[in-house]
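A closer look at the structure
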Amino acid sequence: MTRSVESRFLAIVAITIFILVVPLFALFLSLTTDRASSELQQNLEVLIAANGQALAKPMWDFDRESVEQITATIISNSTVSRVHVRDLSNGINVSMPALPKWPKNGLSSITREIFYHAIEGPKLVGTITIYYSRIDMFSSLRQAEVLLIGIFMLAVLGVVGAAVIGNRVMVMRPLLKLTAAIEATRRLGSRHHVDWQSNDEIGRLARSFNAMQIKLEQEERELKLAHQRTTEIYNLTPAMLFSLDEQDRITGVSDYWLLATGYQRHTIVGRHFSELVPLDAWENYVEHKRTKAIVGVLEATTRFVCADGTVMDVLISEANRAAHEGDEGLSLSVMTDVTALKQSEERNHRQAITDHLTGLHNRQGFENALDEEIKLTDATEHELACIFVDLDRFKWINDNLGHQAGDTVLCHFVERMKTHLPNGATAARLGGDEFAVLLRAPDAESVAMELSRQLCNIFVEPIKIDGATARLSASVGIAIYPRHAANAAELLQKSDMAMYSKKRDGKNGAQLYNPLIQDDTRQRAEIEHDIEQGLNNDWFEAFFQPIVQIDSGKVIGYEALMRLVHPQRGIVPPTKIIRIAEEIGAIGKVGGRILEKALENLVRLSSATNDDSAYLAINFSPLQFEPSLPVRLAALTTRHGIAPKRIVIEITEATLLHDNPQIRTILDDFNRFGYRIALDDFGTGYSSLSYLNRFPVDIVKIDQSFIRSLSEVEPELRNKSRMLVEGITAISHKMECSVVAEGVETEEQNALLQEFGVDYGQGYLFARPQPVAALIDAAIRKNRLREGAAG
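This text gives an overview of the structure that appears in the document. (Residues numbered from 1 in each chain as written. Predicted model: local features only at pLDDT ≥ 70, side-chain atom pairs only at ≥ 80, totals over all residues. Heavy atoms only, no water.)

**Some remarks on the overall build of the protein chain**
Heads up, the condition is: In DSSP terms, a helix is any run of H or I states spanning at least four residues, a strand is any run of E spanning at least two, and both are numbered starting from the N terminus. The quantity called the radius of gyration is restricted to C-alpha atoms. Its globule counterpart is 2.2 Å times the number of residues to the power 0.38. Working definition: with a 1.4 Å probe on protein chains only, accessible area under 20% of the residue-type maximum means buried, over 50% means exposed, and in between means partly exposed. Contacts are residue-level and defined by heavy atoms, with any inter-residue pair within 4.5 Å sufficient. All accessible areas in this document rest on Shrake-Rupley with a 1.4 Å probe, and a residue is counted as covered only by the protein chains that are shown.
A tally of regular secondary structure across the protein chain gives 24 helices and 25 strands. The C-alpha radius of gyration of the protein chain comes to 59 Å, more than 25% above the 28 Å expected for a compact globule of 791 residues. Its C-alpha atoms give the protein chain principal-axis dimensions of about 185 × 95 × 70 Å. Within the protein chain, the fraction of its 791 residues that count as buried is 40%. Counting contacts in the protein chain only where the partners sit at least 6 residues apart, residues at least 24 apart contribute 60% of the total. For the protein chain, the accessible area works out to roughly 44300 Å², and carbon and sulfur atoms hold 55% of it.

Take a look at the structure:
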């Protein structure tokens, strides 16, 4: 480093001299040379002029001797290298010296014509040429100038020498001391100081370095003290603490850990933690660490091998810090002996999954076993049969012989069933008189059918209980995984469905699940029951969904929608209710109930909002279109004081499809009473446009499928949908019909509808179907906010 710094300094000095001094010296030599050349030129001009006049007479007289004497006089001048004199007739041609010495700088010459002044005037008699050597830079210097240059060079050398010595003394020496202190600190680990005192920048640097060393020494002492205290706390803490590095090696253990495990510190530090955990437990532990660690903290239970070979269950709470910028990753763990707790949990778990009467799995235990069996089935590529058993006429025993007798029957059945179960089968009591058996085999169907036959044969002979005779049978349903079901819940459900199918077919036997056996029958029965109970208990409600003006967002009407509010299951989807109500002939009662509630809700809502202009859209099933419907609706609206123009009858293409004259008459009656007609789901039928011309339609409702397609990702579908919506709107307006867009869900759709000129919108963007009470509450809150803002 020293040579590098000093060499750079010398290079800077040399470059400075080259840039500043050398040009000045060259300029000085150039000016001196120009001056000497000018003086020489002037002297030679005078010399040649004087000798030219002297040569005129001898050359006129052809006096060669005189010419040579004058020429010799000229050549005696030290600055002249050669002289050449020649007359016009070349009779006189004198050159001196005969063999001149040519200077290395080359020769220059001056030529002058010689005139003789005769009586008639000047006569040209010849020429004279003087040759002289050129002057170089250094030959033109005078003694004083040479002395001046020497003094200048000495001054420059003195300045450079002073700079070099000053740099070495004032910069290099303290820099070397600072470097030596740093190197000593690095090699020896102790803090060395710089012995340098001055008031310049180097002195301040030395003082700052020494101050930094003092501060670092203090911090090191504090770190050592903190480390000592941490180690003492680590060892004195009454917990099993240990630390691991990134390679899962033990880097430290507390004294309490050594006491609890029986190991010695020198034999345990450096070993991999995996060596202290059984192999099967270690794989589960690593998997748990990989999937359950949250924010660098892990809590997991595993088994641990102590020094004496005993195995205990431990709970490990591990905190990790990932490696950053070259630092090693750290982990600190707390290990707690939970062997007793684990044993207690296992006992509680067995009790939680075991039926106390029969000793079989209960429903929870069966569901756990079912999940495990499905995993094993996937691994072995076998089949898994789920056998669902229900005891027929068991309720008669409980009701007539008592629950104690019923328990005896259940225990008797379980004892006989266990004798027939093949190896690996899992049996459970799901509740009451329902049992389930799991069988895993390459051909599970045949094994399950044979076992089911044996289970049914248990009740071939009557059972004697306390002197009484009871005859029972069993209905068995079988489902096979993965043939009939894709998961555990579905497998249990399908076996249950097969069992109920057997019960409906006459009981006492086994039924293998068939894809034709669906839950539709049960669901249908449930829905039929819901419809009946809904009519009896007034569960049907008329929900309202607002219809708003696209431009202003103002609510201009509501659509009444049927909802069955079940006290346990909540709101039941209306689609299946309407279909089944139509099939069983209950749609008239349901529709009548919804119509009355819708009209009542409109009156309540109008009173709460002071809005007597909003209309109510009502849907009717095609089966409700009876000749008496318009008169009945007129009577209801009159009773509630509702203007007919506020009622809109929504009809679908299914209602108009067959062009029934009776339907046309009913629509005309609606129109005569003042009710408006809305064509619902417009655009989805093959003849929707013709209905605008053939029936008295006032409102067109564009189907929501077109509205959703307005913002489709696929450009072609999006553009076609936009053209269709725009075209439907234009045609409807030409037919003097208002247009309502159904299923508006986004602001993008709303903006496009406004651009296309659609009048009204209905959808989740504005509001969902909701009870009228919610709409009234919203209106009250809005009025209060408006009054508050006005106040």
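After that view of the structure, there is still more to cover.
**Describing the packing of aromatic side chains**
We apply this condition: Each Phe, Tyr or Trp ring, with Trp reduced to its six-membered ring, pairs with another whose centre is within 6.5 Å; inter-plane angles below 30 degrees give stacked pairs, above 60 give edge-to-face pairs, and intermediate values give tilted ones. Here, a charge over a ring means that NZ of Lys or CZ of Arg falls within 6 Å of the ring centre while also lying within 35 degrees of the ring normal.
Evaluation of the coordinates by the stated rule reveals 17 aromatic pairs. Here Phe413 and Phe435 contribute two aromatic rings whose centre-to-centre distance is 5.1 Å and whose plane-to-plane angle is 55 degrees, an arrangement assigned as tilted. Here the residue Phe413 occupies a position in helix H11 (residues 403-420), and Phe435 occupies one in strand S12 (residues 434-441), the gap between them amounting to 22 residues. A relative accessible area of 0% means that Phe435 is categorised as buried. The structure contains a cluster of three or more aromatic residues connected by ring pairs, namely Phe242, Trp257, Tyr263, Phe273, Trp282, Tyr285 and Phe304. The positively charged end of Arg768 is found above the aromatic ring belonging to Tyr764, 3.9 Å away from the centroid.

**Considerations on the nonpolar core**
The cut-off we apply is this: In these notes, a set of buried Ala, Val, Leu, Ile, Met, Phe, Trp, Tyr and Cys residues joined through side-chain atoms within 4.5 Å is what counts as a nonpolar core.
In terms of nonpolar packing, the biggest core is built from 68 residues, with Ile531, Phe544, Leu616, Ile647 and Phe670 touching the most fellow members. Dropping the residues within four chain positions of it, Ile531 is found in contact with Phe540, Leu564, Ile577, Ile580, Ala581, Ile584, Ala586 and Val590. Counting residues in hydrophobic clusters, the runner-up holds 34 residues, among them Ile387, Ile397, Phe435 and Val437.

**Structural notes on the sheet that holds strand S4 (residues 121-133)**
Rule in force here: Pairing between strands requires that DSSP locate at least two bridges from one strand to the other. Axis angles are defined between N-to-C directions and span 0 to 180 degrees, where every axis is a line fitted to C-alpha atoms and, for a helix, only to the segment in contact.
What the 4 strands build is an open sheet, ordered S2-S1-S4-S3; its pairing is antiparallel. Looking at strand neighbours, the two that pair on one side only are strand S2 (93-96) and strand S3 (107-118), the edges of this open sheet. Across this sheet, the average inter-strand angle for adjacent strands is 15 degrees, counted without regard to direction. Summarising the sheet, S3 and S4 pair through 12 bridges and their orientation is antiparallel. If you follow Arg112 over to S4, its bridge partner there is Ile128.

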